Amino acid sequence: IVLAVAITLPVALAIEKAGWLPNAERLIHLLELVIEAGVYFAYFAWFDTRHHGQTPGRQLVGISLHSCDGDTVTVTQSLVRQLGKFASALILGVG
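Residues numbered from 1 in each chain as written. Predicted model: local features only at pLDDT ≥ 70, side-chain atom pairs only at ≥ 80, totals over all residues. Heavy atoms only, no water.

Peer 1: With reference to specific residues and values, describe the side chain of serine 67.
Peer 2: Note that serine 67 resides in the loop between helix H3 (56-61) and helix H4 (75-90). Contact partners of serine 67, with chain neighbours within four places excluded, come to Thr72, Val73 and Gln77. (Helix = DSSP H or I, 4+ residues; strand = E, 2+ residues; numbered from the N terminus. Contact = heavy atoms within 4.5 Å.)

Shown next as structure tokens:
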């Protein structure tokens, strides 16, 4: 969140000062959302593919993520998995 604000705030303030957008708050929120989603997906893609399918939390409890054939998951598989989590959360966590 800090990174998102550090990147978006100067951009939004410059746009507002230039008069391109009367309310820069919407732009700030949109850019924060995009950056936060990118960091979220990158975090899981990195740990799922580079660290034997283990995030720090999975390492702590001793579990790992593997594909159906027992190999390390690919970036695509990891991203699809995260999109599935997101879709599940959209319908109130059911699924």
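More follows now that the structure is in view.
Peer 1: Describe a nonpolar patch on the surface, and please don't skip the residues or the numbers.
Peer 2: Where nonpolar side chains cluster on the molecular surface, the patch consists of Leu30, Leu33 and Val34 and spans about 300 Å² of accessible area. Looking at the secondary structure, you find leucine 30 in helix H2 (residues 25-50). (Patch = residues over 30% accessible without salt bridge, like charges linked within 9 Å, V, L, I, M, F, W, Y side chains within 5 Å. Areas by Shrake-Rupley, 256 points an atom, 1.4 Å probe, with all protein chains shown as cover. Salt bridge = Lys/Arg side-chain N within 4 Å of Asp/Glu carboxyl O.)

Peer 1: Could you give an account of the pattern of salt bridges, naming the residues involved and the relevant values?
Peer 2: Side-chain pairs of opposite charge can arise where the charged atoms are in close proximity. Under the criterion given, the structure shown has 1 salt bridge. Aspartate 48 serves as the salt-bridge partner of arginine 58, at 2.6 Å between the closest nitrogen and oxygen. With arginine 58 in helix H3 and aspartate 48 in helix H2, this residue pair connects regions lying 10 residues apart in the sequence. Residue classification places aspartate 48 among the buried positions, given a relative accessible area of 0%. (Buried < 20%, exposed > 50% of the residue type's maximum accessible area, 1.4 Å probe, protein only.)

Peer 1: Quick rundown of the confidence of the model for the chain? Include the residues and the values.
Peer 2: Per-residue confidence for the chain gives a mean pLDDT of 80, with 79% of residues at or over 70. For the chain, per-element mean pLDDT is lowest for helix H1 (residues 2-18), which scores 68, and highest for H3, which scores 90. (pLDDT = per-residue confidence, 0-100.)

Peer 1: Go over the packing of H2 against H4 with me, naming the residues and quoting the values.
Peer 2: Relative to each other, H2 and H4 sit at 135 degrees, their axes nearing to 9 Å. If you check the angle between H2 and H4, you find them oblique. The crossing of H2 and H4 is right-handed. Between H2 and H4, the contacting residues are Tyr40, Phe41, Phe44, Ala45, Asp48 and Thr49 on the first element and Val75, Ser78, Leu79, Gln82, Leu83 and Lys85 on the second. Of the residues assigned to the contact of H2 with H4, the class counts are 7 nonpolar, 3 polar and 2 charged. (Axes fitted to C-alpha atoms, helices over the stretch in contact; angles between N-to-C directions. Parallel < 35°, antiparallel > 145°, perpendicular 65-115°, else oblique. Left-handed = near helix turned anticlockwise from the far one by under 90°. Nonpolar A, V, L, I, M, F, W, Y, C, P; charged D, E, K, R; others polar.)

Peer 1: Give a detailed account of H2, specifying residues and quantitative values.
Peer 2: Look at H2: 37 Å from first C-alpha to last across 26 residues, which is about the 38 Å you get at 1.5 Å a residue. Taken residue by residue, H2 has Leu27, Ile28, Glu32, Phe44, Ala45, Phe47, Asp48 and Thr49 as its buried positions. Of the residues flanking the end of H2, it is histidine 52, one or two places downstream, whose phi is positive at about 55 degrees. (Expected span 1.5 Å × (residues − 1).)

Peer 1: An account of H4 is requested, with residue identities and associated values reported.
Peer 2: Along its 16 residues, H4 runs 23 Å from first to last C-alpha, staying within 8% of the 22 Å computed at 1.5 Å per residue. For H4, the full list of buried residues reads Ser78, Gln82 and Ser88. Looking down the long axis of H4, one finds its buried residues gathered within 115 degrees of arc, a one-sided arrangement. Across H4 from its buried face, at more than 90 degrees, point the exposed residues Thr76, Val80 and Leu90. (Arc of directions from axis to C-beta.)

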